[in-house]
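What follows is the residue order along each chain.
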Amino acid sequence: MAFLQLSKISLAFGDRDILKSADLRIGSGDRIALSGANGSGKSSLLKIAAGLSSADSGQCSSSPGARITYLPQTGIRHSGKPLWDAAEEAFAHVVALLGEKAAVEEELASLKEGDPRIEELLHTQHDLEERIELSAYYRREQRIEEVLTGLGFQRSDFEKRTEAFSGGWQMRIALAQALLTSPDLLLLDEPTNYLDIEARDWLQQFLASFAGGMVLVSHDRHFLDACVNRVCELFLGRLRVYQGNYSAYLRQRSAELEQLQKAYEEQQAEIERLENFISRFRYNSSKAALVQSRVKQLEKIELIEIPESMKHVHFRFPDPPHSGKKVIRLHEGAKSYGEHQVFTGVELEIERGEKIALTGKNGAGKSTLMRILAGVDSDFEGELKLGTGVKIGYFSQDVENRFTEERTIYDEVEAEAPTELIPSLRGLLGAFLFRGDDIYKSVQVLSGGEKSRLALLKLLLNPVNLLVLDEPTNHLDLQTKDVLLDVLKTYSGTVVFVSHDRYFLEELATGVYEIEDGRGRLFPGDYAYYRSQAERYRTDAESRTATEPSTEEKSSNQLQREELKSLQAEARRLERREATLMEEIEEIDRRIEKLHQDLADPEVYSNPLRAAEVQKEIDTIEKESQTAHTEWEKAAEGLAAVQDSINAILSPASR
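Keep in mind that this is a model prediction, so the values were computed, not measured.

Calculation notes
Residues numbered from 1 in each chain as written. Predicted model: local features only at pLDDT ≥ 70, side-chain atom pairs only at ≥ 80, totals over all residues. Heavy atoms only, no water. Pairing = 2+ DSSP bridges. Helix = DSSP H or I, 4+ residues; strand = E, 2+ residues; numbered from the N terminus. Axes fitted to C-alpha atoms, helices over the stretch in contact; angles between N-to-C directions. Buried < 20%, exposed > 50% of the residue type's maximum accessible area, 1.4 Å probe, protein only. 1 Å grid on protein atoms, 1.4 Å probe; cavity = no way out; pocket = protein on both sides within 12 Å on 5 of 7 lines; lining within 4 Å. Points joined across faces, edges and corners; volume = space filled by probe spheres on them. Nonpolar A, V, L, I, M, F, W, Y, C, P; charged D, E, K, R; others polar. Contact = heavy atoms within 4.5 Å. Parallel < 35°, antiparallel > 145°, perpendicular 65-115°, else oblique. Left-handed = near helix turned anticlockwise from the far one by under 90°. Phe/Tyr/Trp six-rings, centres within 6.5 Å; stacked < 30°, edge-to-face > 60°. Lys NZ or Arg CZ within 6 Å of the ring centre and 35° of its normal. Core = buried A, V, L, I, M, F, W, Y, C linked by side-chain atoms within 4.5 Å. Lys, Arg positive; Asp, Glu negative; His and termini not counted. Salt bridge = Lys/Arg side-chain N within 4 Å of Asp/Glu carboxyl O.

Student: Give me the lowdown on the sheet that holds strand β7 (residues 213-217), citing residues and values where you can.
Tutor: In sheet architecture, strand pairing relies on hydrogen bonds along the backbone and comes in two forms, parallel and antiparallel. Ordered in space as β5-β6-β7-β3-β8-β9, the 6 strands form an open sheet in which the pairing is mixed. Of all strands in the sheet, those bounded by a partner on one side alone are β5 (68-71) and β9 (238-243). Across this sheet, the average inter-strand angle for adjacent strands is 15°, counted without regard to direction. In this structure, strand β3 (residues 31-36) lies alongside strand β8 (residues 230-235), joined through 5 bridges in parallel fashion. Its bridge partner being in β8, Ile 32 is matched across the sheet by Arg 230.

In structure tokens:
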């Protein structure tokens, strides 16, 4: 069984210890997530494991013949050949095995019966044949097509030159090569960074059937939960193992960190007490012995370290300005590039406070639609109408030209921050991974990921009421994603966003708008509801196309579609009505509670006339409450009936 053993691995950069005597064993069947704060040394450890860099001390060893494949986060570019040929390079090691096998067979053919070397050569031949078979070499065409299409490439891309692909697609090529090598051990550093949800789902399924061992670094919580059964955390240079998936690790680690934080605070209080005593009596000769005793106590304290990544920042962004209830509406939206029609007939209406996720396969037109909604792209067909008082903030991955390059990070943020947030800027920058002296780095030296984080922070500082966010979670670690998620969940404005992070989608989306085959469809409800309904819709569509319907059936189907469209519109109307009435009921309840508080005031109940007026007002508002509750119940019952009708049309039994 193949394995890789890291023993007592230590590594330092200058005076900073990255790894301190780290031990890690990776064997066949292991599913390990490598966790840790940004900059904790995860990538350094993987490079040492892959044999691409050396540790300051320690040993790295593997079983004889173990094949280890490593995929870095970024930086790989391919050129000089078609995509298919680049993918086929993954089988180069098998060509060498075929050569060895041919040489063994040739030697066997030259030996006479009874030669003592025959048995050994037959064992070698069998071993080579087994390794070649496990590599899927004889099924490589099928395997290459499966992997390339699974990662989002079209069949029309197979003959395209690799240099024609952009940076994100270059990394997909590298990932395809890594998977096709069928290694014994697979080391993947952020493999999901450039994948959309469909490709992530495919990769998740592929890894589930992978027979070798693997170590993953990823900032996608859902992906990790599905892929790993052990988490190795790098914390202050030490490596510690937790059994279970990523969520189980988070639960256990959260309790530990809470205890560590408490111990740290208690220790800091003790240190402060000792230092105050020493400072107070340092020059008092009668207290010299006591002072010396306190100094020795201080020297013996083993300091508890709290890394920057653990120091939680508590803040809130400015409240957005009020907008009308109807925030934005796109009617009969259509967009094409030359003869290529991206989408057509798009109908999308978003109300105040909604968090709408745009989904669809790569190339479906999500980013194009985002640019239209943000007002960046005006070259489209249809009508875009903004509601009263709507102010838009737009985030995209194209952030290169949005900064004054000569400024420092701090100056860049300070220049646009509202006055009331300036005292909190260091904390806000820290939440987005700009800590310590990093905030004085020049903007022009930042990486693409750092610039994305900086642009996102600047956007959230501005008082807008409609956020249009195109992949805001890219390049963010899990802690920063959680910070962003908390901000957006409590944000009282409206959000339209694209994200390939399943956990982020599940936690934030209140509705999903899917673009598929050039058309858009709204799914009211969270992401889990969308997944169930979309899958059901596709299954029903497949069953409908299994047989060619008759003219009468086509007519019936058309009527059903028209009825479904009408029912869905009515459902949306009733949902809005239900939500509006609930807001009214909550406001009425607040007024009643306030009046009851007034009635309990001695100045009121001691004045019969005033008390009677308050009681009369309570009676009037309670009637309003009863009416509102009745209307809400009618809307809820109506919505339930409409949804039953929709489900009846969508169910296979209705066809």
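Student: Tell me about the environment of Leu 239, and please be specific about residues and values.
Tutor: On the secondary structure map, Leu 239 appears in strand β9. For Leu 239, a relative accessible area of 17% translates into the label buried. The spacing of Leu 239 and Gly 80 is 159 residues in sequence and 41 Å in space, taken between C-alpha atoms.

Student: I'd like to hear about empty space enclosed by the protein, residue by residue, with values.
Tutor: The final tally for this structure, using the stated rule, is 4 cavities of 30 Å³ or more. Space inside the largest cavity adds up to approximately 90 Å³. Lining the largest cavity are Glu 190, Thr 192, Asn 193, Arg 200, His 219, Asp 220, Thr 473, Asn 474, His 475, Leu 476, Lys 481 and Asp 501. The residue inventory of the lining of the largest cavity, partitioned by class, reads 1 nonpolar, 6 polar and 5 charged.

Student: Help me get a handle on the environment of Ala 364, residues and values and all.
Tutor: With respect to the secondary-structure elements, Ala 364 resides in the loop between β12 (355-359) and α11 (366-373). When the C-alpha atoms of Ala 364 and Glu 383 are compared, they prove to be 20 Å apart, with 19 residues separating the residues in sequence. For Ala 364, the residues in contact, after removing those within four places along its chain, are Val 342, Phe 343 and Ile 515.

Student: Quick rundown of the packing of helix α9 (residues 246-281) against helix α10 (residues 288-300)? Include the residues and the values.
Tutor: Packing of α9 against α10 leaves a shortest axis separation of 9 Å and a crossing angle of 150°. Judged on the interaxial angle alone, α10 and α9 are roughly antiparallel. Of the two possible hands of crossing, α9 and α10 adopt the one that is left-handed. Packed against α9, whose contacting residues are Glu 270, Ile 271, Leu 274, Glu 275, Phe 277, Ile 278 and Phe 281, the element α10 presents Leu 290, Val 291, Arg 294, Val 295, Gln 297 and Leu 298 at the interface. Broken down by class, the residue content of the contact of α9 with α10 amounts to 9 nonpolar, 1 polar and 3 charged.

Student: Lay out the packing of aromatic side chains with the relevant residues and their values.
Tutor: Counted according to the given criterion, the structure contains 12 aromatic pairs. On the basis of an interplanar angle of 75° and a centroid distance of 5.7 Å, the ring pair of Tyr 137 and Tyr 138 is categorised as edge-to-face. Judged by its relative accessible area of 52%, Tyr 138 is exposed. Their ring planes at 70° and their centres at 5.2 Å tell us that Tyr 242 and Tyr 249 sit as a pair that is edge-to-face. The pair Tyr 242 / Tyr 249 is uniform in exposure class, with both members buried. Site record: aromatic cluster; members linked through ring pairs are Phe 91, Tyr 137 and Tyr 138. For the cation-ring pair, Arg 453 lies above Phe 434, with the distance from its terminal atom to the ring centre recorded as 4.9 Å.

Student: Let's hear about helix α1 (residues 42-49): which residues, and what values?
Tutor: Two residues of an α-helix separated by three or four positions point the same way, owing to the 3.6 residues in each turn. Among the 8 residues in α1, 6 count as buried, and that is most of the element. Taken together, the buried positions of α1 are occupied by Lys 42, Ser 44, Leu 45, Leu 46, Ile 48 and Ala 49. Looking one or two places after α1, you find Gly 51, whose phi comes out positive at around 80°.

Student: So what's going on with the nonpolar core? Which residues, and what values?
Tutor: Leu 148, Leu 179, Leu 207 and Leu 216 are the most contacted members of the largest nonpolar core, which totals 53 residues. No other element matches helix α6 (residues 167-180), which puts 9 residues into this core. The residues touching Leu 207, leaving out its near neighbours within four places in the chain, are Arg 31, Leu 179, Leu 186, Leu 188, Met 214, Leu 216, Phe 223 and Cys 227. Listed in part, the 46 residues of the second largest apolar core include Leu 446, Leu 488, Leu 508 and Tyr 530.

Student: Quick one: what's the story with the side chain of Arg 172, residue by residue and with numbers?
Tutor: Following the sequence through the fold, Arg 172 ends up in helix α6. No salt bridge forms around the buried Arg 172; measuring N to O, its nearest opposite-charge neighbour Asp 196 is 4.2 Å away.

Student: Break down the pairing of β12 for me, with residues and values.
Tutor: A regular strand places its side chains on the two faces of the sheet in alternate fashion. Taken across its 5 residues, β12 has 5 buried, putting it largely inside the fold. Neither face of β12 is exposed, since Lys 355, Ala 357 and Thr 359 on one face and Ile 356 and Leu 358 on the opposite face are all buried. Bridge analysis of β12 against strand β16 (residues 494-498) gives 3 bridges, and the strand direction is parallel. Opposite Lys 355, over in β16, you have Val 495 as the bridge partner. As paired elements, β12 and strand β17 (residues 511-516) share 4 bridges and run parallel to each other. Residue pairing for β17: Leu 358 is matched across the bridge by Tyr 513.

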